[in-house]
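What the coordinates show
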Amino acid sequence: MIKKTLLIVGTTTLLTACATNTSNEKTINLDTIEHTETINLNVGDQIKLEVTANPSTGYDWFTTEPENCSAKIVDKANVKNQQEGIVGAPSKNIYTVKAGSKGECTIQFDYKRGWEKDAPSNTKQITFHVK
């Protein structure tokens, strides 16, 4: 009876671990990158890029992707600060990037107010090398 119980517990633990660890997506915090970074990916890989934003003050990240980029932003989410009701509280933008084909391209992230066309911005260029 003990062997059967241990077998059931072991199998359940193994299945749970496999089910909860189906994604090996790496997350990179763009706040720690000065201006440029190169990220190596394999075709089909996905990676998450997170960066602090403050859209309630007008500042947000704007992206520029080349038309035939080998890596594409497939999702963008904004996660608000846990303390609701705080005006001007920063949030996180989370970008999911998927490597589609072999090649290299650069996606540019500009932190600025969208209506200020000539204003200086904080720019980060992320080059994706897909093999």
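Below: a short report on this structure. Bear in mind the structure is a predicted one, so any value in this text is a computation, not a measurement. (Residues numbered from 1 in each chain as written. Predicted model: local features only at pLDDT ≥ 70, side-chain atom pairs only at ≥ 80, totals over all residues. Heavy atoms only, no water.)

1. Some words on the state of the cysteines
The line we're drawing: By convention in this document, the label disulfide applies to cysteine sulfur atom pairs within 2.5 Å. In this text, helices come from DSSP runs of H or I with a minimum length of four residues, and strands from runs of E with a minimum of two, each type numbered from the N-terminal end. A 1.4 Å probe rolled over the protein chains alone gives each residue an accessible area, and that area as a share of the maximum for its type sets the label: buried under 20%, exposed over 50%, partly exposed in between.
Here the structure, examined in full by the defined rule, presents one disulfide. What pairs with Cys 69 in a disulfide is Cys 105, and their sulfur atoms sit 1.7 Å apart. Residues Cys 69 and Cys 105 are joined by a disulfide whose S-S torsion is about 50°; by sign, that bridge is right-handed. On the criterion of sequence distance, the pair formed by Cys 69 in the loop between strand 4 (59-64) and strand 5 (71-79) and Cys 105 in strand 7 (residues 103-113) is long-range, its members being 36 residues apart. On the basis of relative accessible area, Cys 69 is assigned to the buried category, the value being 6%.

2. Let's talk about the pattern of salt bridges
Quick note on the threshold: A pairing counts as a salt bridge when a side-chain nitrogen of Lys or Arg comes within 4 Å of a carboxyl oxygen of Asp or Glu.
Following the criterion strictly, the structure yields three salt bridges and no others. Ionic pairing is found between Asp 31 and Lys 92, a salt bridge with its closest N-O pair at 3.5 Å. Here Lys 92 lies in strand 6 (residues 91-99) and Asp 31 lies in the loop between strand 1 (26-29) and strand 2 (36-41), a separation of 61 residues in the sequence. Asp 31 gets classed as partly exposed once you look at its relative accessible area, which sits at 35%. Here Lys 92 falls in the partly exposed class, since its relative accessible area comes to 25%. Notably, a salt bridge pairs Arg 113 with Glu 116, separated by 3.6 Å at the nearest N-O pair. A residue is classified by how much of its surface remains accessible, and Glu 116, at 26% relative accessible area, is partly exposed.

3. Observations concerning the sheet that holds strand 4
Our working definition: In short, DSSP must find at least two bridges between two strands for them to pair. Only the contacting stretch of a helix is used when fitting its axis, a line to C-alpha atoms as for every element, and angles between N-to-C directions run 0 to 180 degrees.
Spatially, the four strands line up as an open sheet ordered 2-8-7-4, and their pairing is mixed. On the outer flanks of this sheet lie strand 2 and strand 4, each paired with one strand and no other. With direction set aside, neighbouring strand axes in the sheet form an average angle of 20°. The pairing of strand 2 with strand 8 (residues 122-130) spans six bridges and is classified as parallel.

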